[in-house]
Amino acid sequence: MTTASISTGALAGIRVLDISRILGGPYCGQILGDHGADVLKVEPPQGDDTRTWGPPFKDGVASYYHGLNRNKRIQHLDFATEEGREALLALVAEADVLIENFKTGTMERWGIGYETLSQRFPRLVWCRVSGFGADGPLGALPGYDAAVQAMTGIMSINGEADGGPLRVGLPVVDMVTGLNAVIGVLLALQERNRSGRGQFVEAALYDSGLSLLHPHAANWFMDGTAPRRTGNAHPNIYPYDALATGTDPVFVAVGNDRQFGAFCRCIGLPALADDPLYATAGARSINREGLKQQLEAALAAFDGRVLVDQLMAAGVPAAPVLPVAAALQHPHTLHREMVVEMEGGYRGIGAPVKLSRTPASYRHAPLTPGEAFLPTDGDATPG
């Protein structure tokens, strides 16, 4: 997909001031920008920390930064100076949304905290991405993705059954916090249409980490049994696991008895679907170890890639276990427009939410400079 020059997205006309750094806040700002918002990002004089999070680098800026900061225009201000704060206030006066993730109390010490600015700009939606919120036993502490994965139980249920706790191999808590921030901003903008007033929106890493615990939390709430690591397998249903074949492993996601019967027929074990040990979802989950042994013994005669096609044709969800490069170059990835290409050599992941009339667009590559919001239909003169 190539760049679009004019925003006609669902959020066209919404002005977002992104003064956040690292991941959750910038990810929120990028999503809003993809869907048409005019996003100005203000960074400290030295730039966002993630500019240095490499290699790889392009012109001295890390790929990590490029992945979170398209559809924004960038400028630099020092809020610790009066001049920087005055410039910020001029931008806030025109903004619909402000995104920040400063440590609790920092902006207040500068005299530009929410309580002060919300009275001056009552329509402003203020979105804070924080680690643990402002108060409570952990309030105001800094939050980091891996540490929050550890504290919220995610690491305890991730990893091989006979191994130790393992961090999920991507910053899942940070990214989900960014998504929750987007949801919160959209909710607040919708409510503002009724009340005419903005409000404070907070998305905390800790809360977001806990929200990811399904079905482990639901299981624990029901019977109190401590969740355990199950490797690639689902804790509740089976076979929902990566299984060895004669070549590459395949992931099979059997969700009901009909799919299990079709799976068994495809691999030449039709009688297995009628075995009382495996005939129902509950029985398969309880007897998963013996079932896995029988399945992998039969699958040793199959080519994994060929088997995936056969299973999918039979209505059994299955997939090859692909490396990242293969996933990004898959024909369906291109068909879904999930790879974005822009002038200057930028490539990135496309917007996953598809709207029929107001689709996402890609207008500004990372590092595009910008000093002011773009004019809208309601502006008397260009800004």
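Residues numbered from 1 in each chain as written. Predicted model: local features only at pLDDT ≥ 70, side-chain atom pairs only at ≥ 80, totals over all residues. Heavy atoms only, no water.

As annotated in an unreviewed UniProt entry, the protein carries the name CoA transferase and comes from Acidovorax cavernicola.

Draft legend 1. Summary view of the overall build of the protein. Helices and strands together make up the secondary structure of the protein, namely 15 helices and 13 strands. Each principal axis of the C-alpha distribution contributes one length, and for the protein these read about 75 × 50 × 45 Å. Here the protein holds 383 residues, and the buried ones make up 44% of them. Taking as baseline every contact in the protein between residues at least 6 positions apart, the subset at least 24 positions apart corresponds to 66%. Within the structure as shown, the protein displays about 19600 Å² of accessible surface, and the carbon and sulfur contribution to it stands at 56%. Counting 31 positive and 40 negative side-chain charges, the protein places the centres of these two groups 2 Å from one another. (Helix = DSSP H or I, 4+ residues; strand = E, 2+ residues; numbered from the N terminus. Buried < 20%, exposed > 50% of the residue type's maximum accessible area, 1.4 Å probe, protein only. Contact = heavy atoms within 4.5 Å. Areas by Shrake-Rupley, 256 points an atom, 1.4 Å probe, with all protein chains shown as cover. Lys, Arg positive; Asp, Glu negative; His and termini not counted. Charge placed at Lys NZ, Arg CZ, Asp CG, Glu CD.)

Draft legend 2. Region of the structure containing the packing of aromatic side chains. A full pass over the atoms with the stated rule returns 9 aromatic pairs. An angle of 55° between the planes, with centres 6.1 Å apart, marks the rings of F79 and F102 as tilted. Linking F79 in the loop between β5 (73-76) and α3 (82-92) with F102 in the loop between β6 (97-100) and α4 (106-109), this pair joins segments that are 23 residues apart in sequence. F102 matches F79 in its accessibility class, with the two residues each being buried. Three or more aromatic residues joined by ring pairs form one cluster here, namely F79, F102 and W110. Above the plane of the ring of F102 lies R21, whose end atom (NZ or CZ) is 4.3 Å from the centre. Lying over the aromatic face of Y65, R51 brings its terminal NZ or CZ to 4.8 Å of the ring centre. (Phe/Tyr/Trp six-rings, centres within 6.5 Å; stacked < 30°, edge-to-face > 60°. Lys NZ or Arg CZ within 6 Å of the ring centre and 35° of its normal.)

Draft legend 3. Spatial organisation of helix α12 (residues 288-299). In this model, α12 (12 residues) spans 16 Å end to end at C-alpha, consistent with the 16 Å of a helix rising 1.5 Å per residue. Buried residues of α12: R288, L291, L295, A298 and L299, and no others. Buried residues of α12, viewed axially, fall in a sector of 95°; they line one side. For α12, the exposed residues lying more than 90 degrees away from the buried face are E289, Q293 and A297. Lining the buried residues of α12 we find β9 (240-243), α10 (257-266), α11 (281-286) and α13 (304-313). (Expected span 1.5 Å × (residues − 1). Arc of directions from axis to C-beta.)

Draft legend 4. Up close: the sheet that holds strand β8 (residues 200-204). One open sheet accounts for 6 strands, arranged β5-β2-β1-β6-β7-β8; its pairing is parallel. Strands with a single pairing partner mark the edges of an open sheet, and in this sheet they are β5 and β8. Averaged over all pairs of adjacent strands, the angle between strand axes in this sheet comes to 20°, irrespective of strand direction. Here 5 bridges tie strand β7 (residues 125-130) to β8, and the two strands are oriented parallel to one another. The residue of β8 that forms the bridge with R128 is E202. The strands that α3 touches are β1 (15-18), β2 (38-43), β5 and β6; relative to β1, the one it contacts most, it runs at about 155°. (Pairing = 2+ DSSP bridges. Axes fitted to C-alpha atoms, helices over the stretch in contact; angles between N-to-C directions.)

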